[in-house]
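Observations on the model geometry
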Amino acid sequence: MGSLIQAAVGTVSCDTVFINARVFCPFTGEWEEDARFGVKDGCIAGFGNYSAGETIDLRGKRVIPGLVDAHVHIESSLLTPAEYARAVIPHGTTTVFADPHEIANVAGIEGLRYMLRQRAALPLDIRLMLPSCVPATPLDRGGAVLSCRDLAAFTDEEGVLGIGEVMNVPGVLAEDDDLLCKIGLSTVVDGHAPLLSGEALCAYIAAGIQSEHECTGAQEAAEKLRRGMYLMLREGSTEKNLSALAAVVTPATAPRCSFATDDRHADMLAEDGHIDDCIRRAVATGIEPETAYRMATLSAAERFGLNDRGALSPGRRADFCVLDDNGPCTVTDTYIQGVRWIDPGYRRPDVLHVPFSCAPLTKEAIAIRGSGTARVVGLVPGQILTRTRAEYVDGASVPDPSRDLLKLVVCDRYRSAGCGVGIVKGFGIRDGAIAASVAHDSHNLIAVGSDDDSIIRAAEMVIASDGGMAAVSGNTSAFLPLECGGLMSSLPYDEVAESLRSLEACIHSAGCIANPFMYLSFCALTVIPEIRVTERGVFDVGAFADVPLFSSRVE
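Predicted model only: the values in this text are computed from it and were never measured.

Here the focus is empty space enclosed by the protein. Inspection of every chain in the model, using the stated rule, returns six cavities of 30 Å³ or more. Estimated volume of the largest cavity: approximately 90 Å³. Lining the largest cavity we find 14 residues, and of these D140, H440, D441, S442 and A524 sit closest to its centre. Its residues assigned to classes, the lining of the largest cavity comprises four nonpolar, seven polar and three charged. Roughly 70 Å³ of volume is contained in the second largest cavity. What lines the second largest cavity is a set of 14 residues, among which H73, E165, D263, F522 and L525 lie closest to the centre.

Structure below.
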């Protein structure tokens, strides 16, 4: 601290001085022209006529603070933390708030320790939010159960900031002792309460939960802002909510609003970007660029109480990115603690291996017996919400590609405890199947397809490799191994992105929708309305209970 103060007053030299910059100030929304600022020991010393051993001329380029992702699951990128960092830092991201509940649901405490070890050596500052709901609900059975006592052991670990999204809304409202204990472990607690409103929302907030990233409409978002929540505008591979929420962003609400990617596959990171992409999309909706820059920097930092970043200001970390002149946010260089980031290249990461214990699929095990009006999972384009559809079916005729009524199978991967079978509409697969070991949040084996043979073939590929993503269509197939917990690949991020493209290409010719694996991964998530399928069978989120596939049945 002493050397920083001395550098600020000019009695010692800075490490680096940056000149000829147009610096954005998120406190006022203004640009400081021809700015000259010094960096000492990784922090901004100040603005003025400083000297240093190195001077960097930014030649009039725009400079904004390092970008911040307010809510993300790194595992959902399918990348290990080191490769995730390589993928997002070039896009200006310097800090992410990550909830590792995916790997925690698979591997419990060992999963948390793995993520803490991985973050320690990275230039990207990954702040972990301890997963509050492992499993997501008391009915779910994944690979682990984490109690309040388990989480308490991690609260003082370097890199741990708060409590991750509280998904068990019924548990909060019922004042579940262990869940309330978890909420009480930190003053920073993230929420997850899609469509919650009225008195129930008030009770949820009163429990100490502060933020929401699951809003899908402006009315819902406005109510949650009025009740004091922080709002995260989300734009993931399938959760495309940003444009619908843009109307609630005003100069008054912007300090309470930030961006989140939540679940964004490696191919979207490679092709579209990260928080820089959120900024561009926000500006396209009519949000002023300066407002979007604030949301992506200072607003996110302040939500989490990190007053050492979010702005180029004396005493704060010298995390910033340089923009070119084309459009609102095209990043040319990223600086972390005053040093220009240079890609170190790929290094094979350590992985956390979790063996599969999944019984081989058979036609008998995934058969649908009987006929009647079935509860069908209806996909909603651009959302992870689903709709409950009533369709009359003969079980022996499902899958029925002519009606886009496909068989959805979820099999226990931890205890060989069998499979749940349902019906889904919206994938559009005419000939083939996809299967994966990524199925939020328990991450059992999940598959969907146009015929039993294809479903079994795709599932066998995943089981044989202890995790991965598989696509089959006719005589063609594609596969991406996910060696790390069945969730993350050890490959370089660009190869993972290319593998995802190959998977989609394999099944696209069979009529399948875009981003099918991300949609598939959420078909088992029991904390998002309206209807899901688990290894137990069909689950009604509104009733918070397992229900029969047929609402009315003819034997």
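Still more ground to cover, so stick around.
Axis separation between helix 12 (residues 275-284) and helix 13 (residues 289-303) bottoms out at 9 Å; the angle between their running directions is 150°. It follows from the interaxial angle that helix 12 and helix 13 lie roughly antiparallel. As helix 12 runs across helix 13, the sense of the crossing is right-handed. Contacts from I275, I279, A282 and V283 in helix 12 reach P289, A292, Y293 and A296 in helix 13. Its residues assigned to classes, the contact of helix 12 with helix 13 comprises eight nonpolar, no polar and no charged.

As recorded in UniProt, the sites labelled "domain: Adenine deaminase C-terminal" (unreviewed entry) are residues 389-544. Annotation note: span residues 389-544, helix share 23%, strand share 31%, distance between end C-alpha atoms 17 Å.

Here the idea is simple: oppositely charged side chains can pair when their charged atoms come close. With the rule as written, the count across this model stands at 35 salt bridges. Put simply, R303 and D190 hold a salt bridge, and the shortest N to O gap is 3.0 Å. Of this pair, R303 sits in helix 13 while D190 is found in strand 10 (residues 189-191), placing the two residues 113 residues apart along the sequence. Of the two residues, R303 and D190, both sit in the buried class. One salt bridge in this structure joins E530 and R387, with 3.4 Å as the shortest N-O distance. One end of the pair, E530, is in the loop between helix 16 (516-522) and strand 25 (531-534); the other, R387, is in strand 18 (residues 386-394), with 143 residues separating them in the sequence. We classify E530 as partly exposed; its relative accessible area is 29%. We classify R387 as partly exposed; its relative accessible area is 39%.

A few words on the pairing of strand 8 (residues 125-130). Extensive coverage of strand 8 is indicated by the burial of six of its six residues. Note: strand 7 (residues 93-98) against strand 8, four bridges, orientation parallel. Bridging across to strand 8, V96 finds its partner in I126. As paired strands, strand 8 and strand 9 (residues 160-166) are joined by three bridges and run parallel to one another. When the bridges of strand 9 are listed, M129 appears paired with G162.

In this model, the largest pocket occupies a volume close to 360 Å³. Residue lining of the largest pocket: 17 residues in total, with A82, A121, L122, P344 and R347 positioned closest to the centre. When residues of the lining of the largest pocket are assigned to their parent elements, the largest contribution, four residues, is made by helix 2 (residues 81-88). Classifying every residue of the lining of the largest pocket gives ten nonpolar, two polar and five charged. Taken as a whole, the second largest pocket holds about 230 Å³ of empty space. Tallied by class, residues from the lining of the second largest pocket come to eleven nonpolar, two polar and no charged.

Rules used throughout
- Throughout this document, residue positions are counted from 1 along each chain, in the order its sequence is written.
- Owing to the predicted nature of the model, reporting of local features is limited to residues with pLDDT of at least 70; listing and counting of side-chain atom pairs is limited to 80 or more, with chain, interface and lining totals taken over all residues.
- For side-chain calculations, the full set of non-hydrogen atoms in the structure is used, while hydrogens and water are omitted.
- Both cavities and pockets are sets of points on a 1 Å grid over the protein atoms alone; in a cavity a 1.4 Å probe fits but cannot get out, in a pocket the set is open with protein on both sides within 12 Å along at least five of seven lines, and lining residues sit with an atom within 4 Å of a point.
- Grid points are joined across faces, edges and corners, and a volume is the space filled by probe spheres set on the points.
- Amino acids outside the nonpolar list (Ala, Val, Leu, Ile, Met, Phe, Trp, Tyr, Cys, Pro) and the charged list (Asp, Glu, Lys, Arg) are all regarded as polar, and Gly is one of them.
- To define axes, lines are fitted to C-alpha atoms, for helices over the stretch in contact only, and angles between the resulting N-to-C directions are given on a 0 to 180 degree scale.
- Secondary structure counts use DSSP, requiring at least four H or I residues in a row for a helix and at least two E residues in a row for a strand, with both numbered from the N terminus.
- Here the word oblique covers every angle except those under 35 degrees (roughly parallel), over 145 (roughly antiparallel) and from 65 to 115 (roughly perpendicular).
- For any helix crossing, the convention is left-handed if the near helix is rotated counterclockwise from the far helix by under a right angle, and right-handed if that rotation is clockwise.
- Note on definitions: a residue-residue contact is assigned when non-hydrogen atoms from the two residues lie within 4.5 Å.
- UniProt positions are given in the numbering used here, feature names are shortened, and annotations may be inferred rather than shown by experiment.
- We define a salt bridge as a side-chain nitrogen of Lys or Arg found within 4 Å of a carboxyl oxygen belonging to Asp or Glu.
- Three exposure classes are used, based on accessible area relative to the maximum for each residue type with a 1.4 Å probe and protein chains only: buried under 20%, partly exposed in between, and exposed over 50%.
- Being paired, for any two strands, means DSSP has found at least two bridges between them.

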